[in-house]
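Descriptive structure summary
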Amino acid sequence: SGGWYPDERLTLEETLRAFTRTPAEIVGESGAGVIRVGASANFTVVDRDPFAIPATELREVRTLATIVAGRVVWRAEPAAHP
């Protein structure tokens, strides 16, 4: 409960930024890491809004697709129906 060092925890927003906008800014692509018209279409689609669920459920969020340069480069297999 609370993690090993609770005072060093990152918020969800800080964590997502650390894997999106910050790396783009570090390599000089200040227009990347955001979703807006004219930005590079590199993003991941997940099955739910991580900001709308309890932190305890974050590990259950699944990737549905990954888009790079506007092209789907990975897509989850559809769920099988019995």
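Residues numbered from 1 in each chain as written. Predicted model: local features only at pLDDT ≥ 70, side-chain atom pairs only at ≥ 80, totals over all residues. Heavy atoms only, no water.

Attention shifts here to the overall build of the protein chain. Along the backbone of the protein chain there are 2 helices and 3 strands. Secondary structure elements of the protein chain, listed N to C terminal, follow the sequence α-α-β-β-β. Burial statistics for the protein chain: of 82 residues in total, 11% are counted as buried. Within the protein chain, counting contacts between residues at least 6 apart in sequence, those at least 24 apart form 22% of the total. (Helix = DSSP H or I, 4+ residues; strand = E, 2+ residues; numbered from the N terminus. Buried < 20%, exposed > 50% of the residue type's maximum accessible area, 1.4 Å probe, protein only. Contact = heavy atoms within 4.5 Å.)

Where burial is concerned, little of strand β3 (residues 71–75) is hidden: 0 out of the 5 residues are buried. Strand direction decides the pairing type here: strand β2 (residues 63–68) and β3, joined by 4 bridges, are antiparallel. Bridge assignment links Thr-66 to a residue of β3, and that residue is Trp-74. Linking β2 back to β3 in an antiparallel pair, the connection comprises 2 residues, with Ala-69 at a positive phi of about 55 degrees. (Pairing = 2+ DSSP bridges.)

Glancing now at the sheet that holds strand β1 (residues 43–46). Taken in spatial order, the 3 strands make up an open sheet running β1-β2-β3, and their pairing is antiparallel. Single-partner strands in this sheet number two, and they are β1 and β3. On average, each strand axis in the sheet is tilted by 25 degrees relative to the strand beside it, whichever way the strands run. (Axes fitted to C-alpha atoms, helices over the stretch in contact; angles between N-to-C directions.)

In this model, the protein chain carries a mean pLDDT of 86, and residues with pLDDT of at least 70 account for 89%. Taken element by element, the predicted model of the protein chain shows its lowest mean pLDDT in helix α2 (residues 21–26) (84) and its highest in β3 (95). (pLDDT = per-residue confidence, 0-100.)

Unusually for a residue other than glycine, Ala-69 sits at a positive phi of about 55 degrees. Here Ala-69 shows up in the loop between β2 and β3. You can call Ala-69 exposed: its relative accessible area is 60%.

With that settled, the discussion passes to the pattern of salt bridges. For the structure shown, the criterion picks out 3 salt bridges. Note that Arg-21 and Glu-25 form a salt bridge whose closest N and O atoms lie 3.9 Å from each other. Here Arg-21 and its partner Glu-25 are both found in helix α2, 4 residues apart, which amounts to about one turn of the helix. With a closest N to O distance of 3.1 Å, Arg-48 and Asp-47 form a salt bridge. Given the relative accessible area of 27%, Arg-48 is considered partly exposed. Each of Arg-17, Arg-21 and Glu-25 takes part in one network of salt bridges that share partners. (Salt bridge = Lys/Arg side-chain N within 4 Å of Asp/Glu carboxyl O.)

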